[in-house]
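Each chain is listed here by its residues.
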Amino acid sequence: MRIHLRIWRQPGPDAKGHFENYTVERVSPNMSFLEMLDTLNEDLIRRGQDPVAFDSDCREGICGTCGFVVNGRPHGPDSQTTVCQLHMRRFRDGDTITLEPWRAKAFPVLRDLVVDRSAFDRIIQAGGYTSVNVGGAPDANAIPIPKEVAEQAFDSAQCIGCGACVAACKNASAMLFTSAKVRHLALLPQGQVERTRRVLNMVARMDAEGFGPCSNEGECEAVCPKGITLDNIATLNREWWKAALKP
Amino acid sequence: MRLDAKIPSGPLADKWDRHRFESKLVNPANRRRHTIIVVGTGLAGASAAASLGELGYNVLSFCIQDSPRRAHSIAAQGGINAAKNYQNDGDSIERLFYDTIKGGDYRAREANVYRLAQVSVNIIDQCVAQGVPFAREYGGQLDNRSFGGAQVSRTFYARGQTGQQLLLGAYQSLMRQVERKTVRIFPFREMLDLVVINGRARGIVCRNLVTGDIERYAADAVCLATGGYGTAYYLSTNAVGSNVTAAWRAHKRGAFFANPCFTQIHPTCIPVTGEDQSKLTLMSESLRNDGRVWVPKKPGDKRPPHEIPEDERDYYLERKYPSFGNLVPRDVASRNAKFVCDEGRGVGESGLAVYLDFRDAIERLGRDVIKARYGNLFDMYRKITDEDPYEVPMRIYPAIHYTMGGLWVDYNLMSTIPGLHVLGEANFSDHGANRLGASALMQGLADGYFIIPYTIAHYIASTPLEKVTTDHEAFAEAENNVRQRIDRLLSIKGSETPRSLHRRLGKLLWDYVGMSRNEAGLKKALEEIPKLREEFWQNVSVPGDANYVNKNLEYAGRVADYLEFAELLTIDALHRTESCGGHFREESQTPDGEALRDDERFSYVAAWEYNGVGQAPTLHEEPLVFEYVTPTQRSYK
């Protein structure tokens, strides 16, 4: 296949960016999307030109490192699929594909398609944990947890922190990301002690980092590669109100 | 130099307790005055940094990714072992110890492995307290599954994403310490040199991967938890950013490298499809609990699997190993897959694959049960291959997955450079010549949560550490060394990409230092590697500059290190003329094709000392002494 690409190129955080056009020949349908970009970069490097900067690591959809906007949709057209797991068989010979970085005030562009997502780390830092030191944990079977509860907690806990939810949201809200951690820990007995403080602190940090508010339109859910649902945001709102109104 | 593993005396079961009691402590009020650098934020690095922060040390935590949560431990699928005996099926610390020593083909230290089995039970407690959502039974108790090389169910899991959940637990503990200001994190940093002052590790030099700045950091001790070297083979199940650079640069500063030829080839990966492939994807070993491995009995049988009748199928693992069946250890499963493919009985387009079939399990248990157990793995398989494993058998083939070798460490996890500690996959210590499934997560977290906090305190408390700042000339020398190498890479302006050179190195290693090795092939590799290295330094292309995000420059530096490291890997494989675990020398096999050890000559750890690029390294032997188990020919029949 021959694929035409329009790619956002931006030399650095403070520089002005622009789209550039490229064509990649001999694309095999079995290639992953990132392998297609590797091929483009191989050509650029051989010609002594700067390759397109994009982030990726595990290339099996679990580390959350990769991610950019493909034809207006974070991670591209497949549902519940990170861009490293997207395959070229999804496209047709002669297609033109536009690639842009996540665009959000809280995620400054570092170069081309690479953004700084350290704001997510700082939200977790505000309370996305249980405060237990190593050493004093009771026997793991001491507190039974119903299977259904463990499964629901897992559903929330599998967020990979890629930032697609922020990129999809017109307000660049981080509610889906924050709510997944809040719900994961609120469901489990281990998370009860800090339940109130956690939700208040994490939401306050999320706002301070420059993420926007949630207007319940669900673009985040639609693009989430791990299928984190809007229920998480509903839980977050309930948890926050309960905490905020606590005497 | 004589290698002293510093194994405590006394009975095996008491060694660790006794050692902890005899170790010196650092007063809580003094800990914040001691700086500890931890490089890497996988299970070992994140758990070490978090635990040391909890104790009150001043911890600096570095990673190459944009966040500590990305480290490749996150991709571990199947589970984590612990000798909890929750299933009442006969498990115990002794049994986990024995299985691990035997699984490693008697090439690991008894004392280290016993300690690993002991602390395994604490790991599960700690992780549950953090809120890790392990799989549960309906009664609310933790569920377990079986893994290769064991006849008990001791593996704890969280669907097919156990590594993710354990890493997020450690990462969250780490972020808690960042909030408490005991730990500072430095993402987007690549360690490019180790700083040794008066014979002790006292700091590192990093490149800031965003600004390109070369940065210096001083400390009282350094911990490397930078993972294995599987990506030297180009195609592996590792992340594309995983690399040997930090460990290799430490080796060049004096840390011995032990048993590099002990590489693990995982039997169940999605087969290679084409030249442009950048990585291989693992399908968890847990699938072998319910999937049956087979190939056609007739060579060259190209019929689709459903047209091959039952009596024309060879379930070769069940046939050859009736007591372990499909759950033989990884090295045995991988080699047998290679043998049947070499006989022309491989399946799929390339003939380099075997079937992993769930038909019988789906019939017996129903599709829903299989979906609940392996749903995400089946989805992943379908995304990559465009085939539905509920309907047709998976095609799998072995791939490089884990490396048992690594920097040599003593019982305290300290390398041959005093003050440099090495944790997790980056060290060599616990898995011998073959790692059992679900033991990597166990070792990473054991090292970080439960071992390094004690042993590093002893080092700090018992060592006179003069004050060192980054103005010291050793930092200037290291920085200069790093800058020169970067300038050299940028100035070549050749026509070959780092990736194409890496791919060629990988092919060379896979062909000659892969699943099955022989003298002629290894010698051939030793001729070819220096030529490829020469070509790299003549003709590599690294466009652009060093003062911004330049991923190709980072990659070129890593490939340059693989090209040096690959030679050591091959030299080690050539010198060890026995077969053991993942290291299979064709010259040394039993009449039925199993790995044949030579305990008379090779019951030792091979620790290599660096003498310069292209110079023969010096071998130091650490004899392995078995007081509690008797090495025997491993049998899974």
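The rules behind these values
- Residues numbered from 1 in each chain as written.
- Chains lettered and ligands numbered in written order.
- Predicted model: local features only at pLDDT ≥ 70, side-chain atom pairs only at ≥ 80, totals over all residues.
- Heavy atoms only, no water.
- Contact = heavy atoms within 4.5 Å.
- Buried area = accessible area lost by both parts, 1.4 Å probe.
- Salt bridge = Lys/Arg side-chain N within 4 Å of Asp/Glu carboxyl O.
- Polar contact = N/O pair within 3.5 Å; in protein donor to acceptor, adjacent residues only side chain to side chain.
- Helix = DSSP H or I, 4+ residues; strand = E, 2+ residues; numbered from the N terminus.
- Nonpolar A, V, L, I, M, F, W, Y, C, P; charged D, E, K, R; others polar.
- Pairing = 2+ DSSP bridges.
- Axes fitted to C-alpha atoms, helices over the stretch in contact; angles between N-to-C directions.
- Parallel < 35°, antiparallel > 145°, perpendicular 65-115°, else oblique.
- Left-handed = near helix turned anticlockwise from the far one by under 90°.
- 1 Å grid on protein atoms, 1.4 Å probe; cavity = no way out; pocket = protein on both sides within 12 Å on 5 of 7 lines; lining within 4 Å.
- Points joined across faces, edges and corners; volume = space filled by probe spheres on them.
- Domains from an automatic or database assignment.
- Buried < 20%, exposed > 50% of the residue type's maximum accessible area, 1.4 Å probe, protein only.
- Core = buried A, V, L, I, M, F, W, Y, C linked by side-chain atoms within 4.5 Å.

The interface of chain A with chain B comprises 74 residues on the first partner and 76 residues on the second. Buried area between chain A and chain B, summed over both chains or domains, comes out near 6500 Å², and the portion from carbon and sulfur atoms is 50%. Counting across the interface, chain A meets chain B through eleven salt bridges. Across the salt bridge formed by R499(B) and D38(A), the nearest N and O atoms sit 3.5 Å from each other. Linking chain A with chain B are 49 residue pairs in polar contact (both at pLDDT 80 or more), by the criterion used here. Breaking the side of chain A that touches chain B down by element, the ones donating at least two residues are α1 (33-46), β6 (109-111), α2 (118-125), α3 (147-157) and α5 (175-187) of chain A. It is α3(A) that provides the largest number of residues to the side of chain A that touches chain B, a total of eight residues. Classifying every residue of the side of chain A that touches chain B gives 33 nonpolar, 21 polar and 20 charged.

Turning our attention to the sheet that holds strand β14 (residues 354-357) of chain B. Residues and elements named next belong to chain B. Taken in spatial order, the five strands make up an open sheet running β11-β15-β14-β12-β13, and their pairing is antiparallel. Either end of the sheet is taken by a strand with one partner, and the two such strands are β11 (263-269) and β13 (313-314). In the sheet, strand β12 (residues 292-296) pairs with β14 via three bridges, with the strands oriented antiparallel. Residue pairing across strands places R292 opposite D357, the latter belonging to β14. Relative to β11, helix α9 (residues 330-342) is tilted by about 65°, and along the sheet it contacts β11, β12, β14 and β15 (394-403).

Here we take up the packing of α2(A) against helix α6 (residues 195-208) of chain A. Residue and element names in this part refer to chain A. With their axes 8 Å apart at the nearest point, α2 and α6 run at an angle of 155° to one another. Comparing the axis directions of α2 and α6 gives the class roughly antiparallel. As α2 runs across α6, the sense of the crossing is right-handed. Each of R122, I123, I124 and Q125 in α2 lies in contact with α6, whose residues at this interface are M202, R205 and M206. Looking at side-chain class alone, the contact of α2 with α6 contains four nonpolar, one polar and two charged residues.

A few words now on the packing of α5(A) against helix α8 (residues 231-244) of chain A. Residue and element names in this part refer to chain A. Direction vectors running N to C along α5 and α8 enclose 70°, while the axes themselves pass 8 Å from each other. If you check the angle between α5 and α8, you find them roughly perpendicular. On α8, the residues that touch M175, L176, S179, A180, V182, R183 and A186 of α5 are N232, I233, T235, L236, N237 and E239.

A separate point is the layout of surface pockets. All names here are of chain B. Put simply, the second largest pocket is a space of about 730 Å³. For the second largest pocket, the lining is made up of 26 residues, of which L235, V272, L352, K507 and W510 are closest to its centre. Breaking the lining of the second largest pocket down by element, the ones donating at least two residues are α9, β15 and α14 (498-512). Here the element with the most residues in the lining of the second largest pocket is α14; it accounts for six residues. Taken together, the residues of the lining of the second largest pocket sort by class into 13 nonpolar, six polar and seven charged. Taken together, domain 1 (265-400) and domain 2 (483-619) each give at least three residues to the lining of the second largest pocket, which thus spans both.

Now for the side chain of S588(B). Residue and element names in this part refer to chain B. As for its position among the elements, S588 is in the loop between α16 (551-575) and α17 (599-602). When its relative accessible area of 10% is taken as the criterion, S588 is described as buried. Within the structure, S588 has its side chain in polar contact with the backbone oxygen of L596 (distance 2.6 Å). Sequence-distant contacts of S588, defined by excluding residues within four places in its chain, comprise T577, E578, S579, E594, A595 and L596.

In this section: the environment of P74(A). Residues and elements named next belong to chain A. Summarising the element assignment, P74 is placed in strand β4 (residues 73-74). Considered as a pair, P74 and A167 are 93 residues apart in the sequence and their alpha carbons are 6.6 Å apart. When near neighbours in sequence (up to four residues on either side) are disregarded, P74 contacts F68, V69, W102, A164, A167, A168 and V223.

Next up on the list: the nonpolar core. Counting residues in hydrophobic clusters, the biggest one holds 238 residues, and the most contacted among them are F211(A), I80(B), F134(B), I204(B), L420(B) and F536(B). In this view, I80(B) contacts I123(B), I124(B), F134(B), R154(B), T155(B), F156(B), T162(B), L166(B), A438(B), L441(B), M442(B) and L445(B); residues no more than four positions away in its chain are not counted. M31(A), M36(A), F54(A) and L99(A) belong to the second largest nonpolar core, which has 27 residues in total.

Turning to empty space enclosed by the protein, a few remarks are in order. If you walk through the whole model with that rule in mind, you get 17 cavities of 30 Å³ or more. Of the pockets and cavities examined, the second largest cavity occupies roughly 660 Å³. Together, 42 residues line the second largest cavity, and F54(A), V240(B), R499(B), K551(B) and Y555(B) are the ones closest to its centre. Counting residues per element, the ones that place at least two in the lining of the second largest cavity are α1 of chain A together with α14 and α16 of chain B.

How big an interface is tends to be stated in terms of the accessible area lost upon association of its parts. Residue and element names in this part refer to chain B. When cut into domains, chain B gives domain 1 (265-400) and domain 2 (483-619). A straight line from the C-alpha centre of domain 1 to that of domain 2 covers 30 Å. Contacts between the two partners involve 14 residues from domain 1, matched on the other side by twelve residues from domain 2. Of the roughly 1000 Å² buried between domain 1 and domain 2, counting both surfaces, carbon and sulfur atoms make up 62%. If you sort the residues of domain 1 by the area they bury against domain 2, I265, R335 and K338 come out on top, with a joint share of 45%. Where domain 1 packs against domain 2, one counts zero salt bridges. Inspection of the region where domain 1 meets domain 2 yields three residue pairs in polar contact (both at pLDDT 80 or more). The set of elements that each furnish at least two residues to the side of domain 1 that touches domain 2 consists of α9 and β15. The dominant element in the side of domain 1 that touches domain 2, judged by the number of residues it contributes, is α9, at six residues. By residue class, the composition of the side of domain 1 that touches domain 2 is eight nonpolar, two polar and four charged.

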